[in-house]
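Given next are the chains, with one letter for each unit.
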Amino acid sequence: MEVVGYPRGLRKGCCDVGGGRSQNWRISLARTRGLRAGGAGARGDSGQVARVRAAGGGVLRRDPPTRAARLLRRRRPLQPQQSFQEGGRAGSRWLPWYRGAAARMEPNVRFWISERQSFVRRFLQWTDLLDPLNLFISVEQIEKARQLLFTNEDASTQALEDQKIQEAWKRSLSTVHPDSSQLIPTLFRPAAFLPFTAPMVFLSMMPARGIKSIILPQVSLYTYITAFTFINGNASYSHHQPESLLLGAGAVVSSTFFGLIPHFIRMKYFLVNPLIKRALPVFFLANVSAGNVLASRSFEPVRGIQVMDKEGNVIGHSRIAARKAVAETATSRAVLFGTSAVIPEVCAYFFKRTQFFLKNPRSLWTLKLSCTILVMGLMVPVSFSMFPQMGQIQCSKLEEAIRSSTEETQLFYNRGV
């Protein structure tokens, strides 16, 4: 006797329960023993009714699912639950719901590579992503946006006129890290940078009235921007949490120490020249903020970051690309804080010469706070837009191992924020 057919939807060695395959249920050929030829079938151990016709080809026929199969169907739904699962860095989440998603191109990477925008277009894009309402996007909304972008792989710039696609891009780009596909913590999303740093910059530039009044603003400012730089930097290099915490603590301590130097100088020495008196804190703030980026991301130039082609295929890890990415981010950070500190000082200098200031001396601090918030509100998208988010580098300038492994002339890397 020979079994010449299998049940519909059933393959050898696997039982298809309710249309969904379960690898936990196995059917061996031994279960077909004892099946009788003819019109009537016998029930085997698998719960399937089989009829084998000796002549003309046999047909295996499946009965309705058994009780165990129905229970299995309830326990294991056909579609996997599409939700964020805890993983990766502490406090971050990742998207595991697409099998083989590693082989697919990350939507955020696909967007930034395909959108080789000019500075003006990048600026407009970042003004949209820095909307404070992006801090209140729920996990369910992010899941739906990511699912839409994964299922519509050609949802690029040509589909931006679609309101759903446009909103999906906004939610994905403003909340998900492009390297690790992890959910960025709410307090360290790009939209949270301005609300947190603007008051800290204002307090750090105030005249010193004591040791405590200058240490707390400096510690708060550099603690936040260190964590922001680390979380939003390139995440493709190998690192461990203990060494990252030690690196962050060292960056905070060193940045705070150098940030306090101009205040100690102004407290100890009487500076006659008003230009030096006002320019010294601005100069230190701009340089220390750039040095903070170099310190916070110092592992990247040592271990290298991923470089990829235009299809998102990783070619290798490059230290040269890492140095370029860190240098670009440090430059944009120096421009951001330097400009945000110098313009309020210039406005305050001329405001002190007006009659309004003589009648209302306390209005100076209101003016400086307003100027700081307005200038930073303009400079944050400017600094984020100075360089493309996915940087481009000539393959001929990279390491020999990378040059020999690809024929591409241009490669891409995530610059970070």
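Keep in mind it's a predicted model, so treat the numbers as computed, not measured.

K.L.:
Explain a nonpolar patch on the surface to me, using residue names and the numbers behind them.
P.N.:
The grouping of I211, I215, V219, F264 and M267 at the surface amounts to a nonpolar patch, some 380 Å² of accessible area in total. Breaking the nonpolar patch down by element, the ones donating at least two residues are helix 7 (211–232) and helix 8 (241–268). It is helix 7 that provides the largest number of residues to the nonpolar patch, a total of 3 residues. Among the secondary structure elements, F264 is positioned in helix 8. Overall, the relative accessible area of 36% leaves F264 in the partly exposed class.

K.L.:
If you had to explain the nonpolar core to someone new, which residues and values would you point to?
P.N.:
F193, L221, Y224, L285, F337 and F384 are the most contacted members of the largest nonpolar core, which has 52 residues in total. Considering every element that reaches this core, the biggest residue donor is helix 7, with 7 residues. For L221, the residues in contact, after removing those within four places along its chain, are T197, M200, V201, S204, L285 and F337. One finds I305, V307, A325 and I393 within the second-largest nonpolar core, a separate group that totals 11 residues.

K.L.:
Explain the confidence of the model for the protein chain residue by residue, including any values.
P.N.:
For the protein chain, per-residue confidence averages 77 on the pLDDT scale, and 73% of positions sit at 70 or higher. Counting interchain partners and residues more than four positions distant, the pLDDT-below-50 stretch residues 1–63 has 87 contacts.

Procedures and definitions
- Residues numbered from 1 in each chain as written.
- Predicted model: local features only at pLDDT ≥ 70, side-chain atom pairs only at ≥ 80, totals over all residues.
- Heavy atoms only, no water.
- Patch = residues over 30% accessible without salt bridge, like charges linked within 9 Å, V, L, I, M, F, W, Y side chains within 5 Å.
- Areas by Shrake-Rupley, 256 points an atom, 1.4 Å probe, with all protein chains shown as cover.
- Salt bridge = Lys/Arg side-chain N within 4 Å of Asp/Glu carboxyl O.
- Helix = DSSP H or I, 4+ residues; strand = E, 2+ residues; numbered from the N terminus.
- Buried < 20%, exposed > 50% of the residue type's maximum accessible area, 1.4 Å probe, protein only.
- Core = buried A, V, L, I, M, F, W, Y, C linked by side-chain atoms within 4.5 Å.
- Contact = heavy atoms within 4.5 Å.
- pLDDT = per-residue confidence, 0-100.

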